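# Examination of the molecular architecture
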Amino acid sequence: METELVVIDEKHINAEAEEAIKHAGEIIKQGGLVAFPTETVYGLGGDALNPESSKKIYAAKGRPSDNPLIVHIADIEDIEYITDGVSEAARKLAKAYWPGPLTMIMNKSDKVPFETTGGLGTVAIRMPNNKIALELIKASGGYIAAPSANTSGRPSPTVARYCVEDLDGKINMIIDGGQVGIGLESTIVDLTSDVPMILRPGYITADMIKKVLGEVSIDKTIIDSSSTLKPKAPGMKYKHYAPKGTLTIVSGAQEDVVRYINSETEKARLEGKRTGVIGTDSTVSLYKADTVKNLGKRDDENTIAHELFKALREFDDEGVDIMFSESFDDSGIGQAIMNRLLKAAGHNVVFL
Ligand code: AMP
Ligand code: MG
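Here, residues in each chain are numbered from 1, in the same order as that chain's written sequence. Here the convention is simple: chains get letters from A, ligands get numbers from 1, in the order in which they are written. In view of the model being predicted, local features appear only for residues whose pLDDT reaches at least 70, and side-chain atom pairs are presented and counted only at 80 or more, with totals across whole chains, interfaces and linings using the full set of residues. Values shown for side chains rest on all heavy atoms present in the structure; no hydrogens or waters enter the calculation.

### What about helix H7 (residues 206–213)?
- Exposed residues in this analysis have more than 50% of their type's maximum accessible area, buried residues have under 20%, and partly exposed residues fall in between, with area computed by a 1.4 Å probe over protein chains only. Helix and strand definitions follow DSSP, with helices as H or I runs of at least four residues and strands as E runs of at least two, each counted in order from the N terminus. Along H7, the residues that are buried comprise Ala206, Ile209 and Leu213. Buried residues of H7, seen end-on, are gathered within an arc of 65° and therefore sit on one face of the element. In H7, the exposed positions angled more than 90 degrees off the buried face are occupied by Asp207 and Lys211.
- The first or second residue beyond H7 is Gly214, which carries a positive phi of 90°. Directions from the helix axis toward the C-beta atoms define the arc.

This is the structure we're talking about:
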């Protein structure tokens, strides 16, 4: 299949861009697939109400079919059609954080096929905060099922070139809207349990949800690497966000971390391996690996989130075999950063 590539500037959606979005909407209406930017990561979109479209999404990504898709909408009222009723909690959260990086799990209506929900009776819903995404959702009929636009298991794409790398020839169109704003997938909160529960941490933190709903719990399996329980979001049980080489997180005092990583990368280099390090502003000049990524200032979580997946992808581009990353504070957005980093590393952590 020939994959069309169009470039659109979210800040200047001119007549030509509008035409391209309309065309992309038609592709989705007719059962095709389009990768598009959102504020979190790039999504791979198909008609959420068409079971054939969802099957195509799983096939293009190589995604296990029990891993449900998130339905993206552009109008809060559209929740009614795809759920069995909208709770007060859902309305409050939508008002506070939509459009934005928050996905809510609710009981589905019979309008949503089981192919979209991975066989579950619940549906995940989000309204993204990106103009191109919102226009595309409207142009496609209102309901786009969209997981991250990467091959299953690889780091989510935060720039269009990685959608091209994974999906060129497999989908109808890719919309390049530049580097995304946030860089980590949405927070997922389950509203079907008595106490709302966070199933995947993201930019919208537990405290932000607590502020609106008064209470929220966290699925323990997503923060406790020693837990043997199954995560409640089916997708969280799979290997995820992983670069091709081996990644180890190193935790400890800065000096010790730098010394340990330099000694390990030197050993790997002598064995003929290509080495990489993920560091921060204050440490990158100290590392001796073949390639060193700077995620920015240690206390600037937004920039760290923004740069993390790109750094992991670049290691793949550069053929890096052995990688080390510094560890980060896991409060606030840091919880999402450490959740992704730990999964990328297969929970391989050295404590000094
Ligand atoms: P991705 O689209 O790649 O960000 O993955 C979507 C995530 O949402 C996966 O971890 C899914 O398991 C999760 N998810 C989607 N729908 C549901 C649902 N109905 N219940 C629980 N988790 C869900
Ligand atoms: Mg994904």
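From this point, things continue past the structure.
### Topic: the sheet that holds strand E7 (residues 144–145)
- Sheet architecture is open: 11 strands sit in the order E1-E8-E2-E3-E7-E4-E6-E5-E9-E10-E11, paired in mixed fashion. The sheet is open, and its two borders are formed by strand E1 (4–7) and strand E11 (217–218), each paired with just one other strand.
- Of the pairings in the sheet, the one linking strand E5 (residues 102–107) to strand E9 (residues 187–190) comprises four bridges and is parallel in character. Along E9, the bridge assignment pairs Ile105 with Asp190.
- Relative to the sheet, helix H1 (residues 15–29) contacts E1, strand E2 (34–36), strand E3 (43–47), E7 and strand E8 (173–176), its axis offset from that of E8 by approximately 145°. Strands pair, by our definition, only if DSSP identifies at least two bridges between them. Residue contacts are counted whenever heavy atoms from the two residues lie within 4.5 Å of one another. A fitted line through C-alpha atoms represents every axis, and for helices the fit uses only the stretch in contact; the resulting angles, taken between N-to-C directions, go from 0 to 180 degrees.

### Notes on the layout of surface pockets
- Points on a 1 Å grid over protein atoms alone make up a cavity when a 1.4 Å probe fits among them but cannot get out, and a pocket when they form an open set with protein on both sides within 12 Å along at least five of seven lines; lining residues each have an atom within 4 Å of a point. Grid points are joined across faces, edges and corners, and a volume is the space filled by probe spheres set on the points. Roughly 520 Å³ of internal volume is contained in the largest pocket.
- Surrounding the largest pocket, 36 residues form its lining, Arg63, Pro68, Ile70, Ile188 and Arg200 being those nearest its centre.
- Elements with a contribution of two residues or more to the lining of the largest pocket: strand E4 (70–72), strand E6 (122–126), E9 and strand E10 (197–200).
- Here the lining of the largest pocket takes four residues from E6, the largest share from any one element.
- Classes in brief: Ala, Val, Leu, Ile, Met, Phe, Trp, Tyr, Cys and Pro nonpolar; Asp, Glu, Lys and Arg charged; the others, Gly included, polar. Class assignment of the residues belonging to the lining of the largest pocket gives a composition of 17 nonpolar, 13 polar and six charged.

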